[in-house]
Amino acid sequence: MSFEKGDHVILHDEHSEYDGETGEITRVSETMFGDENYTISFEDGQEAGIPEDNLEAAE
């Protein structure tokens, strides 16, 4: 499932301080391998370079 700018997602990354939190995708960028990475904005910060596998669509 691909996400777009403005989508709300839940981050699943045990190494992130935002693990389990819901944020909004503010940027979508493509890696040199054709995969998409996302920048997600949270209430008190942001996380960049998040792969699609670490995201879940928020209700």
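Counting restarts for each chain, with residues numbered from 1 along the sequence as it is written. Only residues with pLDDT of at least 70 are given local features in this predicted model, and only at 80 or more are side-chain atom pairs given and counted; all residues enter the totals for whole chains, interfaces and linings. Only hydrogens and water are removed before side-chain values are computed, so all heavy atoms of the structure are retained for them.

**Student:** Outline the side chain of Ser 16, supporting the account with residue identities and numerical values.
**Tutor:** Segments assigned H or I by DSSP are reported as helices when at least four residues long, segments assigned E as strands when at least two residues long, and all are numbered from the N terminus. Structurally, Ser 16 is set in the loop between β1 (8-11) and β2 (22-30). On the basis of relative accessibility, which here comes to 9%, the residue Ser 16 falls in the buried class. Any pair of nitrogen or oxygen atoms within 3.5 Å is treated as a polar contact; in protein, a donor-acceptor pairing is required on top of that, and neighbouring residues in sequence qualify only through side-chain atoms on both sides. A distance of 3.0 Å separates a polar side-chain atom of Ser 16 from the backbone nitrogen of Tyr 18. Any two residues having at least one pair of non-hydrogen atoms within 4.5 Å are treated as being in contact. Leaving out residues up to four positions away in the same chain, Ser 16 has contacts with Leu 11 and Glu 47. Each residue's exposure class comes from its accessible area (1.4 Å probe, protein chains only) as a fraction of the maximum for that residue type: buried when under 20%, exposed when over 50%, partly exposed otherwise.

**Student:** Before we move on, can you summarise a negative patch on the surface with the specific residues and values?
**Tutor:** A contiguous patch of negative charge, built from Glu 14, Glu 17, Asp 19, Glu 21, Glu 43 and Asp 44, is present on the exposed surface. Here Asp 44 shows up in the loop between β3 (36-42) and β4 (45-51). Take Asp 44: its relative accessible area is 58%, and that puts it in the exposed class. Like-charged residues are merged into a patch within 9 Å and nonpolar side chains (Val, Leu, Ile, Met, Phe, Trp, Tyr) within 5 Å, provided each residue has over 30% relative accessible area and no salt bridge. Residue burial considers only the protein chains on display, and all accessible areas are found by Shrake-Rupley using a 1.4 Å probe. A carboxyl oxygen of Asp or Glu within 4 Å of a side-chain nitrogen of Lys or Arg is what we treat as a salt bridge. For the purpose of charge, His is not counted, nor are the chain termini; Lys and Arg are scored as positive and Asp and Glu as negative. Charge positions are represented by NZ for Lys, CZ for Arg, CG for Asp and CD for Glu.

**Student:** How would you explain the confidence of the model for the chain if you had to name every residue and give the values?
**Tutor:** Caution applies to low-pLDDT parts of the model: their predicted coordinates are not meant to be read in detail. For every residue, the predictor states its confidence as a pLDDT score lying anywhere from 0 to 100. Per-residue pLDDT for the chain averages 96, and the proportion of residues at 70 or more is 100%. Element-level mean pLDDT values for the chain span from 96 in β4 up to 98 in β1.

**Student:** Give a description of the pairing of β1 that names residues and reports values.
**Tutor:** Only strands joined by at least two bridges in the DSSP assignment are considered to pair. Two strands pair when backbone bridges link them, and β1 and β2 are joined in this way by three bridges, in the antiparallel orientation. Among the inter-strand pairings, Val 9 is bridged to a residue of β2, identified as Gly 23. Pairing of β1 with strand β5 (residues 55-57), which is carried by three bridges, proceeds in the antiparallel orientation. Bridging across to β5, Leu 11 finds its partner in Leu 55.

**Student:** Go over the sheet that holds β5, please, and point to the residues and values.
**Tutor:** Taken together, the five strands give an open sheet; going across it, the order is β4-β3-β2-β1-β5, and neighbouring strands pair in antiparallel fashion. Two strands in the sheet have a free side with no partner beyond their single neighbour: β4 and β5. For this sheet, the mean angle separating the axes of adjacent strands, direction not counted, is 45°. As a rule, the C-alpha atoms of each element are fitted with a line to give its axis, helices using only the stretch in contact, and angles between N-to-C directions run from 0 to 180 degrees.

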